[in-house]
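The residues making up each chain are set out below.
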Amino acid sequence: MFRTRSLLLLFTLLFLGSYVLQAQRKEEFEVVSIGFYNLENLYDFHDDPNTFDDDRAPSGKDRWTQDLYQKKLNNMAYAISEIGKEFTGRPPDILGVCEIENLQVLEDLVKNPFLKPYNYGIVHFDSPDRRGIDVALLYRREIFSPKQVSRHELVLFEPKEPTKRSFTRDQLLVSGSMAGDQVHFLINHWPSRSGGEKLSSHRRENAAKLNRKIVDSLNRIDPYARIMIMGDFNDDPHNTSLTKILGVKSRKEQLLLKDLYNPYANLARRGAGSLAYRDQWNLFDQIILSTPLVEKDPSKFSFFKAYIFNEPFLTTPTGQYKGYPFRSFGSTGFTGGYSDHFPVYVLLIKKK
């Protein structure tokens with residue numbers, strides 16, 4: 001009985017929160033949605049001789065044809081078109097993405113009929129990652145105008161082989177005007193846990209050090225810099241890379257001027273996740289905000305709420321992995337699914 005009443009209260013609060021936000025949006029507030037999505041190996045169907053993309057070709061293990069590529073594109077475009085739509089009536093105004101092969105797949109993505117009406121721009125650089133995958137930023141041109149962009153190379157060497165470099169994704173910094181507010185977006189896809197969480201942790205800790213360096217440089221120019229750090233961090237909100245090295249805090253009342261706040265820490269504590277492995281949920285996909293974005297300033301966009309977009313169509317419906325994200329690749333190749341990660345997004349509001 002207690003559990004039933006608790007669930008009823010939860011659903012009531014969620015309904016009321018949605019109702020209030022919709023009313024405020026129409027009458028008093030401007031709302032923007034900022035998201036991040038790991039697109040799970042969005043490769044074209046051409047074999048690039050300079051990267052390890054051999055599986056994603058017609059003759060490769062996945063028998064990756066133009067027809068399958070178009071199906072994957074259509075799935076990803078539809079999923080993106082639904083993120084945050086219940087609150088804003090449109091797809092994300094800003095979307096960080098990872099696991100994309102090149103600029104061409106992004107151009108094909110935003111030209112898809114599900115996304116074409118929203119006039120997305122693209123910021124992308126090729127990374128030295130051995131798999132040939134990159135990070136990028138998609139933005140609605142009506143909302144955001146990039147002013148400065150830069151790529152920051154993460155140079156890694158293995159402790160046991162100090163002359164052996166591990167090639168991974170760059171970190172992407174995009175600064176510009178979002179409906180009149182100066183905002184900085186830092187897009188990440190930190191090194192994986194390949195080899196085990198502990199043995200690989202130094203790679204993500206080095207990624208966090210590079211993030212910290214970028215954030216500090218922005219704060220030296222402007223202590224009130226409005227910074228959003230997003231990505232697939234391959235670490236949970238409680239891991240050392242985020243809490244100790246990047247210095248992210250999980251409670252608003254702890255924040256000082258140049259601090260960073262992670263709204264996904266509270267979701268993780270409640271058992272929520274953006275991906276699952278061996279019946280364990282992780283929340284690797286997160287959006288982190290600097291203090292000025294969390295403080296309530298009616299004249300500027302400020303944080304309202306964080307979400308994991310785990311709608312039923314993105315969820316495996318049956319079988320051993322029921323309830324997991326409906327991934328697009330399995331042992332037999334393309335599954336017809338979407339991604340092995342759920343997207344995440346936050347809403348920002350400001351008074352009209």
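Residues numbered from 1 in each chain as written. Predicted model: local features only at pLDDT ≥ 70, side-chain atom pairs only at ≥ 80, totals over all residues. Heavy atoms only, no water.

Observations concerning the environment of N112
As a reminder of what qualifies: Secondary structure elements are taken from DSSP: a helix is a run of H or I of four residues or more, a strand is a run of E of two residues or more, and numbering for both begins at the N terminus. The buried label applies to any residue whose accessible area, calculated with a 1.4 Å probe on protein chains only, is under 20% of its type's maximum; exposed applies above 50%, and partly exposed to all values in between. In this analysis, two residues are considered to be in contact whenever any of their non-hydrogen atoms come within 4.5 Å of each other. Under this definition, polar contacts are N or O atom pairs within 3.5 Å; protein pairs additionally need one hydrogen-donor-capable and one acceptor-capable atom, and for neighbouring residues in sequence, both atoms have to be side-chain atoms.
Looking at where N112 falls in the secondary structure, it is placed in the loop between α4 (103–111) and β3 (120–124). Judged by its relative accessible area of 8%, N112 is buried. N112 sits 39 residues away from L73 along the chain, and the two C-alpha atoms are 7.6 Å apart. Apart from residues no more than four positions distant in its own chain, N112 is found in contact with L73, N74 and A77. A distance of 3.1 Å separates polar atoms of two side chains, one belonging to N112 and the other to N74.

Things to note about the pairing of strand β9 (residues 181–189)
Note the threshold: Two strands qualify as a pair provided that DSSP identifies no fewer than 2 bridges between them.
With respect to burial, β9 is a largely interior element, eight of its nine residues being buried. Strand direction decides the pairing type here: strand β8 (residues 171–178) and β9, joined by seven bridges, are antiparallel. When the sheet's bridge partners are listed, L172 is paired in β9 with I187. Linkage of β8 to β9, two consecutive antiparallel strands, is achieved through a turn of two residues, within which A179 is found at a positive phi near 50 degrees.

Comments concerning the sheet that holds strand β5 (residues 144–152)
Worth spelling out the cut-off: All axes are obtained by fitting lines to C-alpha atoms, using only the stretch in contact for helices, and the reported angles, taken between N-to-C directions, cover 0 to 180 degrees.
Spatially, β5-β8-β9-β10-β15-β12-β11 is the arrangement adopted by the seven strands of the open sheet, whose pairing is mixed. The open sheet has two edge strands, β5 and β11 (248–249), and neither has a second partner. Of the strands in this sheet, β5, β8, β9, β10 (227–232) and β12 (260–261) touch helix α5 (residues 197–221), which is tilted by about 30 degrees from β8.

Quick look at the confidence of the model for the protein
Convention followed: Residue-level confidence of the predictor is what pLDDT reports, using numbers from 0 through 100.
With 90% of its residues at a pLDDT of 70 or more, the protein has an overall mean of 91. Here residues 1–9 is a poorly scored stretch, pLDDT under 50, and it has zero contacts once near neighbours within four places are set aside; other chains count.

Here we look at the sheet that holds strand β4 (residues 134–140)
Taken in spatial order, the six strands make up an open sheet running β3-β4-β2-β1-β19-β16, and their pairing is mixed. The strands lining the two open edges of the sheet, one partner per strand, are β3 and β16 (302–308). Here the strands of the sheet are splayed against their neighbours by 20 degrees on average, with no regard to which way each runs. Here eight bridges tie strand β1 (residues 29–42) to strand β19 (residues 344–351), and the two strands are oriented antiparallel to one another. Across the sheet, V32 pairs through a bridge with L348, a residue of β19. Along the sheet, helix α2 (residues 66–82) contacts β1 and β2 (94–100); its crossing angle with β1, the most-contacted strand, is approximately 155 degrees. The sheet strands contacting α4 are β1, β2, β3 and β4, and the helix crosses β3 at an angle near 165 degrees.

Some words on the layout of surface pockets
Note the threshold: Put plainly, a pocket is an open set of points on a 1 Å grid over the protein atoms alone with protein on both sides within 12 Å along at least five of seven lines, a cavity is a set where a 1.4 Å probe fits but cannot get out, and a lining residue has an atom within 4 Å of a point. Grid points are joined across faces, edges and corners, and a volume is the space filled by probe spheres set on the points. When residue character is reported, Ala, Val, Leu, Ile, Met, Phe, Trp, Tyr, Cys and Pro are called nonpolar, Asp, Glu, Lys and Arg charged, and the others, Gly included, polar.
Estimates place the volume of the largest pocket at around 1600 Å³. Elements represented by at least two residues in the lining of the largest pocket include exactly β6 (156–158), β7 (161–166), α5, β13 (275–277) and β14 (280–282). Of the residues belonging to the lining of the largest pocket, the class tally is 14 nonpolar, 16 polar and 17 charged.

Some points on the side chain of D93
With respect to the helices, strands and loops of the structure, D93 is situated in the loop between α3 (85–88) and β2. Here D93 falls in the buried class, since its relative accessible area comes to 0%. Separated by 2.7 Å, the side chains of D93 and R90 make a polar contact. Residues in contact with D93, not counting those within four places in the same chain, are V31, V32, S33, Y120, L138, Y139, R140 and I143.

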